Amino acid sequence: MTATGENAGSFRDPAGRVHVVGGRVFRTVSPRAAADFEAVAASGLHDHLAASGRLVPHRRLDAAEAAGLGLDAPVVLEHPRLPFVSWPYEWPFPALQAAALLHLDLHLDALAAGFTLSDASAYNVQFRGPSPVFIDTLSLRPYRDGEYWLGHRQFCEQFLNPLLMDSLLGVSHAPWYRGSLEGVPATDLAALLPARHWLSWNVAMHVFLQARFQGAATRKGAGKASAARKLPREGLVAMLRGLRSWIARLEAGGPKRTVWSDYAGETSYAPAEAEAKRAFVAGFVGRVRPETVWDMGCNTGDYSAAALAAGARRVVGFDFDRAAAGRAFERARRENLDFLPLVLDAANPTPSQGWAEVERPGLRGRAEADAVLALALVHHLAIGRNVPLPRVVGWLVDLAPAGVVEFVPKSDPMVGELLRLREDIFDEYDEPHFLAALEERAEVLETARVSASGRLLVSFRRR
């Protein structure tokens, strides 16, 4: 942040900047973009899209209020602050799909009103629970008759190609996207797809032809030819509708059910034990009354749902298993839960990336949780990933001022599965060492034995 709170990720936009001042979110509109903003505002499109929940709303500041905040621009807006900012490489397949469909629907509505979108960045979409919302008000501008969709390549790289990588190849888009923040280039995807996909008109049009254009762009004069292309509005609308229909039909590739996506429901607990675990979580939430809970290792969302039912305002869930996170996202939509499941490797969390290593903040740099749930997670990190038990416990306690942690002993079948094909070198992986590590950093509030194998739930408050 700068002295005026300028967001480190907004510097690329010539139309304006985002600022955070005193915990409030503002957007300054540059002189070059002020006329376009006024045209969209006068049309009522901003209000229409905000009322439908697809565009983040805004309030316009008067000159005196803006000056008092140190914000000098022709137009200054205030937006409601989102409780958590996520990145496309953290979204499970159905979340990325929902974001792509939102972008296309918003673009189609804008064209119907005489406007368009200046770009097609996936970073312009965020989530409130499982509902996507467009956050870049200044991307909307008047449509110029016959203009080509200059955001086509960006849309393909940041939305379409990652979806196709998962759907057609069964390969998660997350590691590729995280390693290349602009998405998946058509040249890379075309090199990976088998030749039979040439038979798909959509793939040929949006992947193979894009890859050819990108190769040609390095030749002299190719850029001028691209800029001179024209596309009638009817053609652009048809392209957007065709993409929407195709993307809506895509399904996640890879295994639909995995060991871990079925973990909570089928392999860990008898029904009475699962109910005791939900009751423990509900009791903790009822006492602590957290607004935001982070569910680390959320699986398909059973205990996230229990936390919400007990009074938590929202839950952000994280799971390494993309199938489990995808099923959790679909559940959140189906049950209308304020629950956003994301894909995250707890042993390698999202780092701060981009320009100067601050443009896209890592997990801890974006928000704070009021409480953390870490259920059936500790053994995966301590035994599955060789992270010393005190470090696992310390990391979890640092995430939030209060929480619930589950310790799974070596007598449990799931720990036995982790140790089945490796030497047991974990001499200090036991309940006394776990409790000692926790009590060094936090006050233990309550404990409960919740399984026949000896699983222990502990609620804590950080010292």
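You'll find the structure just up there.
To start, this report covers the structure provided alongside it. (Residues numbered from 1 in each chain as written. Predicted model: local features only at pLDDT ≥ 70, side-chain atom pairs only at ≥ 80, totals over all residues. Heavy atoms only, no water.)

1. As for the overall build of the protein chain
How we decide: Per the convention used, a helix needs a DSSP run of H or I reaching at least four residues, while a strand needs a run of E reaching at least two, with both numbered from the N terminus. The globule rule used here is 2.2 Å times the number of residues to the 0.38 power, and the radius of gyration it is set against is calculated over C-alpha atoms. Residues are treated as being in contact if the distance between any of their heavy atoms lies within 4.5 Å. A 1.4 Å probe and the Shrake-Rupley method give the accessible areas. Residues count as covered only by the protein chains that appear here. In this tally, Asp and Glu contribute negative charge and Lys and Arg positive charge; neither His nor the terminal groups of the chain are included. The location of each charge is read from NZ of Lys, CZ of Arg, CG of Asp or CD of Glu.
Scanning the protein chain from terminus to terminus reveals 18 helices and 15 strands. Here the protein chain has a C-alpha radius of gyration of 24 Å; the compact-globule value for 463 residues is 23 Å, and the two agree. Taken along the three principal axes of its C-alpha coordinates, the protein chain extends 70 × 60 × 40 Å. Taking the contacts inside the protein chain whose residues are at least 6 apart along the sequence as the reference set, 70% of them involve residues at least 24 apart. As displayed, the protein chain offers around 20200 Å² of accessible surface, 53% of which is attributable to carbon and sulfur atoms. Here the protein chain holds 52 positive side-chain charges and 53 negative ones, and the gap between their average locations is 6 Å.

2. Notes on the packing of helix α4 (residues 93-112) against helix α14 (residues 322-334)
Threshold: For helices, the fitted axis covers only the stretch in contact; all axes are lines through C-alpha atoms, and the angles between them, taken along N-to-C directions, range from 0 to 180 degrees. Oblique is the label for any angle not covered by the other classes, which are roughly parallel (under 35 degrees), roughly antiparallel (over 145) and roughly perpendicular (65 to 115). Polarity classes work like this: nonpolar for Ala, Val, Leu, Ile, Met, Phe, Trp, Tyr, Cys and Pro, charged for Asp, Glu, Lys and Arg, and polar for all others, with Gly in that last group.
Packing of α4 against α14 brings their axes to within 7 Å, and their N-to-C directions diverge by 55 degrees. For the element pair α4 / α14, the angle class is oblique. Between α4 and α14, the contacting residues are P94, A95 and A98 on the first element and G326, F329, E330 and R333 on the second. Within the contact of α4 with α14, the residues separate by chemical class into four nonpolar, one polar and two charged.

3. Describing empty space enclosed by the protein
Let me state the cut-off plainly: Buriedness for pockets is judged along seven lines, at least five of which must meet protein on both sides within 12 Å for an open set on the 1 Å grid over protein atoms alone, while cavities are sets there where a 1.4 Å probe fits but cannot get out, and lining residues have an atom within 4 Å of a point. Grid points are joined across faces, edges and corners, and a volume is the space filled by probe spheres set on the points.
Evaluation of the coordinates by the stated rule reveals one cavity of 30 Å³ or more. Forming the boundary of the largest cavity are H107, T116, L117, S118, D119, R141, E147, Y148, W149, L150, G151 and L236. Each residue belonging to the lining of the largest cavity can be placed in one class, and the counts come to five nonpolar, four polar and three charged.

4. Describing the pairing of strand β11 (residues 339-343)
Defined as follows: To sort residues, take the accessible area from a 1.4 Å probe on protein chains only and compare it with the maximum for the residue type: under 20% means buried, over 50% means exposed, and anything in between is partly exposed. For two strands to be treated as a pair, DSSP must find no fewer than two bridges joining them. Every crossover in which the path from the first strand over the helix to the second runs clockwise, viewed with the strands pointing away from the viewer, is termed right-handed.
Here β11 lies mainly inside the structure; five of its five residues are buried. Pairing of strand β10 (residues 314-319) with β11, which is carried by five bridges, proceeds in the parallel orientation. By the bridge assignment, V316 is partnered in β11 with L340. Crossover β10 to β11 through α14 is right-handed.

5. Examining helix α5 (residues 152-169)
Let me state the cut-off plainly: What a helix should span is 1.5 Å times the count of its residues minus one. Fitting axes to the seven residues that end at a residue and to the seven that start at it, the angle between those axes gives the bend at that residue.
Compared with an ideal rise of 1.5 Å per residue, which puts 18 residues at 26 Å, α5 spans 22 Å between its outermost C-alpha atoms and falls more than 12% short. A maximum bend of about 40 degrees is found in α5 at L160, where proline P162 lies one to four positions downstream. Of all 18 residues making up α5, 14 are buried, and the element is well covered by its neighbours. G170 sits one or two positions beyond α5 and adopts a positive phi of about 70 degrees.

Without other data, these values stay purely geometric and don't point to any function.
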